[in-house]
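Here is what each chain is made of, one letter per residue.
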Amino acid sequence: MITLLRVDHRLLHGQVAFSWTQFIGADCILIANDNVPNDELRKTTIKLAKPPSVKLVIKTIADAAEALKSGVTDKYRLFIVVESVKDAWRLAKAIPEITSINLGGVKAREGSRTISKAINLLPDEITQLNELIRAGTEVEIRQVPNDRKVLFNECV
């Protein structure tokens, strides 16, 4: 069961790993990213941030979608973390069970617009999120669980 899909350019780090995992009761973290599976340094860093009692799986976006569709992840309370809005959009389009996306951190880039303190989006990312919202997906902004939940469409 998917408990949360989070967009965070840092992927997994202490704050996210512990506060969100505990808050949503996740027992498995799925890092879905096309670069990390082949980057030993990033994989090692992510593994260090994982809470000891939680399983960690690192897959490409396509492999993550395939695993989610196959049912092999159904036995877990799954916390999915992606690095970008595009990756979240790709997964949400492929997996209808993803009904909510948490925007936790998207760094500023050339041409991006500041939406909130830690969320900076390019025009195509805003379009992708609006497409998901029109399809019924909730998109919310919250860095940590104790923050007030702000809906994306209230900020743009």
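Residues numbered from 1 in each chain as written. Predicted model: local features only at pLDDT ≥ 70, side-chain atom pairs only at ≥ 80, totals over all residues. Heavy atoms only, no water.

**Observations concerning the UniProt feature "domain: PTS EIIB type-4" (unreviewed entry) in the protein chain**
UniProt records the feature "domain: PTS EIIB type-4" (unreviewed entry) for residues 1-156 in the present numbering. Here residues 1-156 is 34% helix and 26% strand, with 30 Å between the C-alpha atoms at its ends. (UniProt positions renumbered as here; feature names shortened; annotations may be inferred. Helix = DSSP H or I, 4+ residues; strand = E, 2+ residues; numbered from the N terminus.)

**Some points on the packing of aromatic side chains**
For the structure shown, the criterion picks out one aromatic pair. Residues Trp-20 and Phe-23 carry aromatic rings whose centres are separated by 5.8 Å and whose planes lie at 85° to one another, so their mutual orientation is edge-to-face. Taken together, the residues span about one helical turn, with Trp-20 and Phe-23 both in helix α1 (residues 14-24) at a distance of three residues. (Phe/Tyr/Trp six-rings, centres within 6.5 Å; stacked < 30°, edge-to-face > 60°.)

**As for helix α3 (residues 61-70)**
Those residues of α3 lying buried are Ile-61, Ala-64, Ala-65, Ala-67 and Leu-68. Down the axis, α3 shows its buried residues gathered within 165° of arc, on one side only. Turned more than 90 degrees off the buried face of α3, the exposed positions are Glu-66 and Lys-69. Of the surrounding elements, those touching the buried residues of α3 are β1 (2-8), β2 (28-32), β3 (55-59), β4 (78-82) and α4 (85-94). (Buried < 20%, exposed > 50% of the residue type's maximum accessible area, 1.4 Å probe, protein only. Arc of directions from axis to C-beta. Contact = heavy atoms within 4.5 Å.)

**Let's talk about the packing of α3 against α4**
At a closest axis distance of 10 Å, the pairing of α3 and α4 adopts a crossing angle of 30°. Classified by the angle between their axes, α3 and α4 sit roughly parallel to one another. Considering only the axes of α3 and α4, their crossing is right-handed. Taken together, the residues of α4 that come into contact with α3 (itself represented by Ile-61, Ala-62, Ala-64, Ala-65, Leu-68 and Lys-69) are Asp-87, Arg-90, Leu-91 and Ala-94. Of the residues that constitute the contact of α3 with α4, the class distribution is seven nonpolar, no polar and three charged. (Axes fitted to C-alpha atoms, helices over the stretch in contact; angles between N-to-C directions. Parallel < 35°, antiparallel > 145°, perpendicular 65-115°, else oblique. Left-handed = near helix turned anticlockwise from the far one by under 90°. Nonpolar A, V, L, I, M, F, W, Y, C, P; charged D, E, K, R; others polar.)

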